[in-house]
Amino acid sequence: MTNLHYDVVVVGSGPGGLAAAISARQNGAEKVLIIERDIELGGILLQCIHNGFGVEVFKEDLPGPSYAQRFIQQVHDLKIDTLLDSMVLETTPDRRLFITNRKLGIREIKAGALVFAMGCRERTRAQIRLPGSRPAGVYTAGTAQRWVNVEGYMPGKRFVILGSGDIGMIMARRLTFEGAKVERVLEIMPYLSGLTRNYVQCLQDFDIPLQLNHTVKRIIGNNRVEAIEAAAVDEQRRIIPGSEEIIPCDTLLLSVGLIPENELSRQAGVRIDPVTAGAFVDSRFHTSVPGIFSAGNVVHVYDLVDWVTQAGLAAGKGAALFAQGKLAVSDKVVRTQAGENVRYIVPHTFDPNLLAEEAIPLQMRVKQPIEAPVWVEAVCNGKSVTRKALPYARPGEMVTLNLKPDVVDSFRESGTLTVNITER
Amino acid sequence: MSETYDIIIIGGGVVGCMTARFLSRYKLSILLIEKEIDIGSVTSAANTALVHPGYDPVSGSLKAKMNVAAVPLWLNLSEELNFAYERCGDFVVAIGQEELPQLDELVERGKRNGVTGMSIVSGDEMRKREPLINPAVSGALFAETGAMCDPFGVTLAAAENAVMNGVTILRDTAFEDFIIQNKRIVGVKTNRGAFGCRWAINAAGLYSDVVMHKAGVRPEFKITPRKGEYLILDRADFELQSVYFPVPTEISKGIMATNSVHGNTILGPTAHDQDDKEDKTNSESGLQEVLEGGRKLIPCVDPRHVIAVFAGLRAAGNAPCETPGVDYGHDFIVEIPATIQGLVNLGGIESPGLSSSPAIALRVIDLLKDAGEKLVEKSDWNPIRPARPRFRHMTHAQRQAVIEKDERYGRVVCRCENVTEGEIVAEIHSPVPATTYDAIKRRTWLGTGRCQGGFDLPRVTHILARELGISETAVSKKGGDSTFLLRPTKQAEDDHD
């Protein structure tokens, strides 16, 4: 077993991982390695052949593979090493990795700094404890997306989609293009869980009905899905008796949420926030374990890939500085706190000294939708630090509040910054 | 009749496969038929995965005798057949003072049944041994012979060893009727034609009543399928130290919380009678019942910990116990009926059927001997079924060695359970080949983790198609029309409605 040593090792080559590797190299790390379990770089972007990527970063509307390719090209140009078709089996708090690869066998890799960019996985049927039979034909939306867009197979002809997540809505349109009938999209919550633009472009434009406050009561069919029983739910998400309806279909797709994939982070001792299911991070995406950074959907589930890229760039810079011994240790720390109608804020902490040099984006999601103009306001020691107005706030769409260098004087001491999102 | 065998075993569950394995020792031609696409895929694949010590069955019943007789066989059997078996002991946990007296009753019954190695553990001791246990625990019965196993793995290992020793297994082959001449069974009709035999062994589990009725045996015997629903919890959230039963009720051992050989906690089962022999659906109320029952023992169980749900059917019968003076109406049947020749009849093999299966197999052999069958041992019988490499359980050095021999062991296909392409390919080309996704899943434990196959499903479909030489659209979950994929993209639908 030949051991390898790199200044920065990035686990995962989705948008977060690609950006982190590029940024690490550009910020002075000499030897940078990306480890990817699939046979090519790009992660889930490769199966996202729809457009909508890059509007913030490139001011262009790109399909997923094109967006990925721009970064893959930079990875090659910057001579960043890649290990494809390789799975990380184990990590340690002192930043050693054990990987397996068909040609190399088991290898140990030592990292000066480590960036976790494993992304997230989809919630499954079992996690929402869907009753009924257990036939073929129940898939997560992402699995179906891989089949249709990468493998080239249709998993059914008549679909019901549970959950109004973005992948589910995008698949509704994609399956319609491929000649399938999407009967409807059911959402247990009283509001959309994905982006409004996806609702308009993927469901409304194709006359696919969305039913809010509805769920699947049971799955019917022994070998293959034959139908599902749908039902309306009340405010407590309990099924309303008498509202049941049998919908014949051969496939049920689930788009019921994403969970950051942090098994390796846990192994390495990284502290995990139970709300986001991702690491506790500072504004450089440095985790609780020195030298381990975390970027992208593995920290919290983003709505737009562009923000994932920005997070990757920040994490890669932090990792490069750490690997070179240049990451400043601050004497001050500001903790962020989710205030009124805010579910969580990332980063969890930041160094106010950094604010003198660069803006720090605070990214958050609201708890409840507000379909009216809102204030997003950051408060420290009872004083308003900054605020911005938004036309509405919806759980499916992330809110970003930029702390700009001009508010640095609000943080002379360590303290807590609370963000509230309230009706204007 | 195309072929004639000495013995045809009807049913490839743990009882049929174990019987085939023990009989493969003798110079006999044996055929085992299984109606499903794979062996062990009904009751043997969906149960609590435990080998019981034998304190639970009614004293004097055949259940008690078979269970207690089987316990000493398991350790050696697990070494010969290389299946997962961990003798961790089990606990019956009394919550609150009022349940405490029932532990003494169980100990007394255990002693009558011949169970050894039982002791009473105090509430304090219990809280120390299992930090997650309900703090209201007042005491527990500990039985050191209780064990966890992989029940499908047991069934498969027995089947493979039987095949290694000359037994023919035909899956997707359903019993239809007996061929009877002069009150003697001379053959079996199936959906794949008729096969001749001198003996037929009814090991049809949930359908054992239907099969015996075709031979005119015990017309009053009836299987009433009893559904048990289960939850499996993520081992990342917590791991139990052992196996915990509540104090039993009249009809079942209650909803238990147990560790498993895979490290995941299993909660269940419920116990609800039904008529349908195929309905293994989960219900909202059943899953709620499991959660609440599980919380009685382990209060910190949370719905968020659940990574899988399943349901199984127990083949509960209504055969009276034949021991004089024992009033019990749900006993095992292990007999050669007097009314017809050439039939070994097994019925009502519900819990503790898995636990009893090796003893039932040996009793079948005794019955055949008693009936005058000359059983001659083969000189070359091989009792060892070798284990195949399991990447997940290896050290890095062992992994390196296996990858050097076959690079496909270096590619992980299931990220949660670390199952490699090499392991999947080996299962497709094993003595009882895996031909479906579920068959791969049960053999390798792939797709059972947090992502429940979301990652591996397209990859395994591809490997199955490649290795079996079929189209990916022909790859199925469990045979029949349970295919995953309909057609390639960029093709028009055949019919538009």
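Residues numbered from 1 in each chain as written. Chains lettered and ligands numbered in written order. Predicted model: local features only at pLDDT ≥ 70, side-chain atom pairs only at ≥ 80, totals over all residues.

Q: Quick one: what's the story with the overall build of chain B, residue by residue and with numbers?
A: When helices and strands are tallied, chain B shows 13 helices and 23 strands. Taken over the C-alpha trace, chain B has a radius of gyration of 23 Å; the compact-globule value for 497 residues is 23 Å, and the two agree within 12%. Dimensions of chain B, computed from C-alpha atoms along their principal axes, come out at roughly 65 × 60 × 55 Å. Counting every position in chain B, which comprises 497 residues, the buried fraction comes to 56%. (Helix = DSSP H or I, 4+ residues; strand = E, 2+ residues; numbered from the N terminus. Rg over C-alpha atoms; globule rule 2.2 N^0.38 Å. Buried ≥ 20, exposed ≤ 12 C-beta atoms within 10 Å, placed from the backbone.)

Q: Got a sec to walk through the overall build of chain A? Specific residues and values, please.
A: Counting its regular elements, chain A contains seven helices and 26 strands. The C-alpha atoms of chain A give a radius of gyration of 22 Å, which matches the 22 Å a tight globule of 424 residues would have. Projected onto its principal axes, the C-alpha positions of chain A cover 65 × 60 × 35 Å. Burial statistics for chain A: of 424 residues in total, 54% are counted as buried. Residue pairs at least 24 apart in sequence account for 65% of intrachain contacts in chain A once pairs closer than 6 positions are excluded. (Contact = placed C-beta atoms within 7 Å.)

Q: Requested: an account of the interface of chain B and chain A, with residues and values cited.
A: Contacts between the two partners involve 47 residues from chain B, matched on the other side by 42 residues from chain A. Put simply, the parts of the chain that give the side of chain B that touches chain A at least two residues each are helix H8 (284–297), strand S18 (306–316), helix H10 (396–405), helix H13 (457–468) and strand S23 (487–488) of chain B. Ranked by residue count, the leading element in the side of chain B that touches chain A is H10 of chain B, at five residues. Residues belonging to the side of chain B that touches chain A are distributed by class as follows: 17 nonpolar, 15 polar and 15 charged. Relative to S23 of chain B, strand S9 (residues 153–154) of chain A runs antiparallel, the two being bridged by two bridges. Its bridge partner being in S23 of chain B, Met 154 of chain A is matched across the sheet by Arg 487 of chain B. (Nonpolar A, V, L, I, M, F, W, Y, C, P; charged D, E, K, R; others polar. Pairing = 2+ DSSP bridges.)

Q: Go over the sheet that holds strand S21 (residues 349–350) of chain A with me, naming the residues and quoting the values.
A: Hydrogen bonds along the backbone pair up the strands of a sheet, which may run parallel or antiparallel. Residue and element names in this part refer to chain A. Reading across from one edge, S21-S19-S26-S23-S24 is the order of the five strands in this open sheet, with mixed pairing throughout. If you trace the sheet from one side to the other, it starts and ends with S21 and strand S24 (383–390), each paired once. Bridge count between strand S19 (residues 334–338) and strand S26 (residues 415–423): five bridges; the pairing is parallel. Note on S26: the bridge partner recorded for Thr 336 is Leu 417.

Q: Residues and numbers for the confidence of the model for chain B, please.
A: Keep in mind that low pLDDT regions are not for reading the predicted coordinates in detail. The share of residues in chain B with pLDDT of 70 or more is 98%, and the mean pLDDT across the chain is 95. Interface confidence for the predicted complex, given as ipTM, is 0.95, next to a pTM of 0.95. (pLDDT = per-residue confidence, 0-100.)

Q: I'd like a description of the domain arrangement of chain B, backed by residues and values.
A: Residues and elements named next belong to chain B. Looking at the assigned domains, one finds that chain B contains domain 1 (1–83 + 149–223 + 317–386), domain 2 (90–144 + 234–280 + 295–303) and domain 3 (391–474). Between domain 1 and domain 3, the C-alpha centre-to-centre distance is 30 Å. Each partner contributes to the interface: domain 1 provides 12 residues, whereas domain 3 provides nine residues. Among the elements that make up the side of domain 1 that touches domain 3, the one with the highest residue count is helix H6 (residues 151–164) (six residues). Split by residue class, the side of domain 1 that touches domain 3 holds nine nonpolar, one polar and two charged. (Domains from an automatic or database assignment.)

Q: Would you mind going over the sheet that holds strand S4 (residues 85–86) of chain B in detail, with residue names and values included?
A: Residues and elements named next belong to chain B. Pairing within the open sheet is antiparallel, and its three strands lie in the order S3-S8-S4. The sheet terminates laterally at strand S3 (50–51) and S4, the two strands that pair on one side only. In the sheet, S4 pairs with strand S8 (residues 147–149) via two bridges, with the strands oriented antiparallel. Paired with Glu 86 across the two strands is Met 148, which belongs to S8.

Q: Can you lay out helix H4 (residues 100–113) of chain B for me, pointing to particular residues and giving the numbers?
A: Residues and elements named next belong to chain B. Helix length check: H4 (14 residues) gives 21 Å between terminal C-alpha atoms against 20 Å at 1.5 Å per residue, within 8%. Tucked inside the fold, the buried residues of H4 contact helix H2 (62–70), strand S5 (90–95), strand S6 (118–122) and strand S7 (137–143). Phi for Gly 114, located one or two positions after H4, is positive at around 95°. (Expected span 1.5 Å × (residues − 1).)

Q: Which residues make up the environment of Leu 175 of chain A, and what values go with them?
A: Residue and element names in this part refer to chain A. Summarising the element assignment, Leu 175 is placed in helix H4 (residues 166–177). Using a count of 28 C-beta atoms within 10 Å as the deciding quantity, one classes Leu 175 as buried. In this structure, the C-alpha to C-alpha distance between Leu 175 and Asp 282, residues 107 residues apart in sequence, is 40 Å.

Q: Tell me about the pairing of strand S1 (residues 3–10) of chain B, and please be specific about residues and values.
A: Side-chain positions along a regular strand alternate between the two faces of the sheet. All names here are of chain B. With seven bridges joining them, S1 and strand S12 (residues 193–202) adopt parallel strand pairing. In the strand pairing of S12, Glu 3 is matched with Phe 195. Where S1 and strand S2 (residues 30–33) come together, four bridges link them in parallel fashion. Counted as the bridge partner of Ile 9 is Leu 32 from S2. The parallel pair S1 and S2, bridged by helix H1 (residues 14–23), forms a crossover whose chirality is right-handed. (Right-handed = clockwise from strand over helix to strand, strands pointing away.)

Q: Any details on the nonpolar core? Residues and values, ideally.
A: Counting residues in hydrophobic clusters, the biggest one holds 155 residues, and the most contacted among them are Val 8, Val 9, Val 115, Leu 252 and Ala 319 of chain A. Of the residues forming this core, the biggest block, 11 residues, is contributed by helix H7 (residues 305–323) of chain A. The contact partners of Val 115 of chain A, leaving out residues within four places of it in the chain, are Val 8, Val 10, Ala 20, Phe 293, Ala 295, Ala 315, Gly 316 and Ala 319 of chain A. Counting residues in each nonpolar core, the second largest holds 126 residues, with Val 15, Ile 169, Ala 203 and Ile 307 of chain B among its members. (Core = buried A, V, L, I, M, F, W, Y, C linked by C-beta atoms within 7 Å.)

Q: Lay out the packing of helix H11 (residues 421–428) of chain B against helix H12 (residues 437–444) of chain B with the relevant residues and their values.
A: Residue and element names in this part refer to chain B. In the contact formed by H11 and H12, the axes pass within 10 Å of each other and the chain directions differ by 115°. By the angle between their axes, H11 is roughly perpendicular relative to H12. In the crossing of H11 with H12, the sense of the turn from one axis to the other is right-handed. Packed against H11, whose contacting residues are Glu 423, Ile 424 and Glu 427, the element H12 presents Ile 440, Arg 443 and Thr 444 at the interface. By residue class, the composition of the contact of H11 with H12 is two nonpolar, one polar and three charged. (Axes fitted to C-alpha atoms, helices over the stretch in contact; angles between N-to-C directions. Parallel < 35°, antiparallel > 145°, perpendicular 65-115°, else oblique. Left-handed = near helix turned anticlockwise from the far one by under 90°.)

Q: Any chance you could break down the domain arrangement of chain A for me, citing the residues and the numbers?
A: All names here are of chain A. The assigned domain composition of chain A is domain 1 (1–121 + 258–324), domain 2 (124–256) and domain 3 (331–424). Between the C-alpha centres of domain 1 and domain 3 the distance comes to 26 Å. Residue-level contacts link 12 residues of domain 1 with 14 residues of domain 3. Tallied by class, residues from the side of domain 1 that touches domain 3 come to six nonpolar, three polar and three charged.

Q: How would you sum up unusual backbone geometry? Please name residues and give values.
A: Here the bond from Gly 268 of chain B into Pro 269 of chain B is cis, since omega is 0°, no more than 30 degrees from zero. Counting through the fold element by element, Pro 269 of chain B comes out in the loop between strand S16 (266–268) and strand S17 (272–273). Along the chain, Ser 351 of chain B connects to Pro 352 of chain B via a cis peptide bond; the corresponding omega equals 5°. In this fold, Pro 352 of chain B is placed in the loop between strand S20 (343–347) and helix H9 (353–370). Positive phi, normally seen in glycine, also occurs at Asp 85 of chain A, with a value near 55°. With respect to the helices and strands, the residue Asp 85 of chain A is situated in the loop between strand S3 (81–83) and strand S4 (86–91). For Asn 341 of chain A, which is not glycine, the phi dihedral falls at a positive 55°.

Q: An account of helix H1 (residues 15–26) of chain A is needed here, citing residue identities and associated values.
A: All names here are of chain A. Between the first and last C-alpha of H1 there are 16 Å, a value that for 12 residues agrees with the 16 Å anticipated at 1.5 Å per step. In this structure, the buried residues of H1 make contact with strand S1 (4–11), strand S2 (32–35), helix H2 (64–77), strand S6 (105–116) and H7. One or two steps after H1, the chain reaches Gly 28, where phi turns positive at roughly 105°.

Q: Can you lay out the packing of H1 of chain B against H9 of chain B for me, pointing to particular residues and giving the numbers?
A: Residue and element names in this part refer to chain B. At a closest axis distance of 8 Å, the pairing of H1 and H9 adopts a crossing angle of 40°. By the angle class used here, H1 and H9 are oblique. Read as a crossing pair, H1 and H9 show a hand that is right-handed. Mapping the contact onto sequence places Val 14, Val 15, Met 18, Thr 19, Phe 22 and Leu 23 in H1 and Gly 353, Leu 354, Ser 357, Pro 358, Ile 360, Ala 361, Leu 362, Val 364 and Ile 365 in H9. In terms of residue class, the contact of H1 with H9 is made up of 12 nonpolar, three polar and no charged.

Q: Describe in detail the environment of Pro 337 of chain B, supporting the description with residues and values.
A: Residue placement: Pro 337 of chain B occurs in the loop between strand S19 (333–335) and S20. Residue contacts for Pro 337 of chain B: discarding those within four places in its chain leaves Val 217, Leu 343 and Asn 345 of chain B.

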